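Spelled out from the first residue to the last, the chains are:
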Amino acid sequence: MSRELQSISFLASSTPAAQEAARRLSALYGNDKPENADVIVALGGDGHMLNTLHRFMGTGVPIYGMNKGTIGFLMNEYREDGLRERLAAATRNVIHPLTMTAIDAEGNTHNALAINEVALFRQSYQAARLQIAIDGTVRLEELVCDGVMVATPIGSTAYNLSAQGPIIPVEAPLLALTPVSPFRPRRWRGALLPNHQTVDIVVLEPEKRPVNAVADAKEVKSVRKITIRESATDTGLIMFDVEHSWDERILAEQFRY
């Protein structure tokens, strides 16, 4: 076994099932502090995996998830036997998060990272009116909708897919720009963008039609403008069993709908 995977830290969500799994695995393999670990095993669901990835973004420590949640799309199968061998053989995928810079109604600037997507939502009963520019050029003068999002490949199978957005292979250098319930233009279904492009979204009529922005779990109320781009410096590492790799999951998802 390689030296880099000898030290394991188990981080469990707050659910009883995940906590019990952490106790059992710790008894079998030991449980180092996260800051000393060569690999972190996240026990829970997809939400817990996202939180763990955010926490260790940029550290170079790979995250291997085992499902003790519900869907577990980002997780591997939970098994207690042969964990060290599974970790040694697992594939690694590099995650490039989005950066969100949002300016709110008071002129305050908020920055956040998003592994799945950055999304805007209408805050009231009235539809949002948004203007969308790509690399400084206005491409959509007015989008009337419930919301819009920019999704990464890893996030393309989450909320983006529920909004009828495209599934993107994890290695594809693309981002999905997907509307939520578009009213005008009624037939606009979004766009695929090169991952080096910057998206600027301006909220039109922000007092009458307020909009919130969300980068994964961080929400900013009453935004006026947001800028979204792929981070050039922040990266994370996620690990999957060879027999059920991320590429295989993405490919399989495209034949389920």
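### Considerations on unusual backbone geometry
Cis peptide bonds are those with omega within 30 degrees of zero, and the linkage from Arg184 to Pro185 qualifies with -10°. Its location among the elements puts Pro185 in the loop between β11 (174-180) and β12 (191-194). The backbone of Asp135 shows a phi angle near 50°, a positive value even though the residue is not glycine. By secondary structure assignment, the location of Asp135 is in the loop between β8 (128-134) and β9 (137-145). The phi torsion at Asp216 lies on the positive side, around 50°, for a residue other than glycine. Counting through the fold element by element, Asp216 comes out in the loop between β14 (211-215) and β15 (218-220). Exposure remark for Asp216: the relative accessible area of 16% places this residue in the buried category.

### Quick notes on helix α2 (residues 46-55)
Of all the residues in α2, the buried ones are His48, Met49, Leu50, Thr52 and Leu53. Against the buried residues of α2 lie β1 (8-12), β2 (39-44), β3 (63-67), β4 (91-95) and β17 (236-240).

### Topic: the environment of Ile8
Turning to its location among the elements, Ile8 is positioned in strand β1. A relative accessible area of 1% places Ile8 in the buried class. Sequence separation between Ile8 and Arg84 is 76 residues; the distance between their C-alpha atoms is 9.0 Å. The residues contacting Ile8, other than those within four sequence positions of it, are Tyr29, Gly30, Asn31, Asp32, Ala37, Val39, Val41, Arg84 and Leu87.

Cut-offs used in this document
Counting restarts for each chain: residues are numbered from 1 in the order of the written sequence. For this predicted model, a pLDDT threshold of at least 70 governs which residues receive local features, and a threshold of 80 or more governs which side-chain atom pairs are given and counted, while totals over whole chains, interfaces and linings are taken from all residues. Think of the side-chain values as coming from all heavy atoms in the structure, minus any hydrogens and water. Secondary structure elements follow DSSP: runs of H or I of four or more residues count as helices, runs of E of two or more count as strands, with numbering from the N terminus. Each residue is assigned to one of three classes by its accessible area relative to the maximum for its type, calculated with a 1.4 Å probe on protein chains only: buried under 20%, partly exposed between the two thresholds, exposed over 50%. Contacts are assigned to residue pairs that have any heavy atoms within 4.5 Å of one another.

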